[in-house]
Amino acid sequence: GHSLGGGIAQIVGALVGAPVIAFQPPGIYQSLSKHLYRNAKDKRQVHVTAHNLTVTVLVENDFVGRLFDSHGGLVQTVTCETDHLGPLGCHLLENTVCNLIESCRDPRWASCS
């Protein structure tokens, strides 16, 4: 999921034990840990899910990924080179995917334009 959808996906994934990939979600780890510790039958559920089944892609200069809380699991930060688009440019999913493709130098993609 992306943005709020990524945060929701992380919460649902932790509740049902499913793997999650989230792009630029708000942080939810501490809040989710607190909730699950108080309400979950298995107190380790949040640690197993959040750390072993969660991948978060954050983008430099994107304020949404820095909101609210911290992130659990594997967190990968990538650069943002969209200054010409203003403060929300770094939050656009299209720019993040394009940046990942260009950084990985995937020969199947000539360009992102």
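Overview of the structure. From a predicted model like this one, the values you see are computed outputs, not experimental measurements.

Thoughts on unusual backbone geometry
Okay, step 1: Look at Gln24: it is not a glycine, yet its phi comes out positive at around 55°.
Okay, step 2: With respect to the helices, strands and loops of the structure, Gln24 is situated in the loop between strand E1 (20–23) and helix H2 (29–39).
Okay, step 3: Residue Gln24 is classed as buried on the basis of its relative accessible area, which comes to 0%.
Okay, step 4: Phi at Asn61 is positive, roughly 70°, even though this residue is not glycine.
Okay, step 5: Among the secondary structure elements, Asn61 is positioned in the loop between strand E2 (54–59) and strand E3 (74–78).
Okay, step 6: The exposure class assigned to Asn61 is exposed, which follows from its relative accessible area of 58%.

Topic: the nonpolar core
Across soluble globular proteins, you tend to see nonpolar side chains buried next to one another.
Okay, step 1: Grouped together as the largest cluster of nonpolar side chains are five residues: Val57, Val59, Val78, Cys80 and Cys90.
Okay, step 2: When sequence neighbours within four positions are dropped, the list of residues in contact with Cys90 reads Gln24, Val59, Glu60, Asn61, Asp62, Cys80, Thr82 and Thr96.

Some points on the environment of Cys90
Okay, step 1: Structurally, Cys90 is set in the loop between E3 and helix H4 (93–104).
Okay, step 2: Considering only alpha carbons, one finds Cys90 and Ile11, 79 residues apart in sequence, at a separation of 24 Å.

Concerning H4
Okay, step 1: Taking 1.5 Å per residue as the helical rise, H4 with its 12 residues ought to reach 16 Å, and the 17 Å between its terminal C-alpha atoms agrees with that figure.
Okay, step 2: Listing the buried residues of H4 in full gives Thr96, Cys98, Asn99 and Ile101.
Okay, step 3: Residues of H4 that are buried make contact with E1, E2 and E3.

A few points about the pairing of E2
On a regular strand, one side chain projects to one face of the sheet and the next to the other, so that they alternate.
Okay, step 1: Of all six residues in E2, five are buried, a share of seventy percent or more.
Okay, step 2: Pairing analysis gives five bridges linking E2 to E3, with the strands arranged parallel. The partner of Thr56 across the bridge, within E3, is Val75.

Scoring rules and cut-offs
- Counting starts from 1 at the beginning of each chain's written sequence and moves along it residue by residue.
- Only residues with pLDDT of at least 70 get local features here, since the model is predicted, and only at 80 or more are side-chain atom pairs given and counted; chain-wide, interface and lining totals rely on the full set of residues.
- For the side-chain quantities, the full set of heavy atoms in the structure was used; hydrogens and water were omitted.
- Secondary structure is summarised from DSSP: a helix means a run of H or I of at least four residues, a strand means a run of E of at least two, and numbering begins at the N terminus for each.
- Exposure classes here rest on a 1.4 Å probe applied to the protein chains alone. A residue is buried below 20% of its type maximum, exposed above 50%, and partly exposed in between.
- We define the nonpolar core as a collection of buried residues of types Ala, Val, Leu, Ile, Met, Phe, Trp, Tyr and Cys that are connected through side-chain atoms lying within 4.5 Å of one another.
- Working rule for contacts: check all heavy atoms of both residues, and any pair within 4.5 Å makes them a contact.
- Expected helix span is taken as 1.5 Å per residue step, with the number of steps being one fewer than the number of residues.
- A strand pair is defined by DSSP finding two or more bridges across the two strands.

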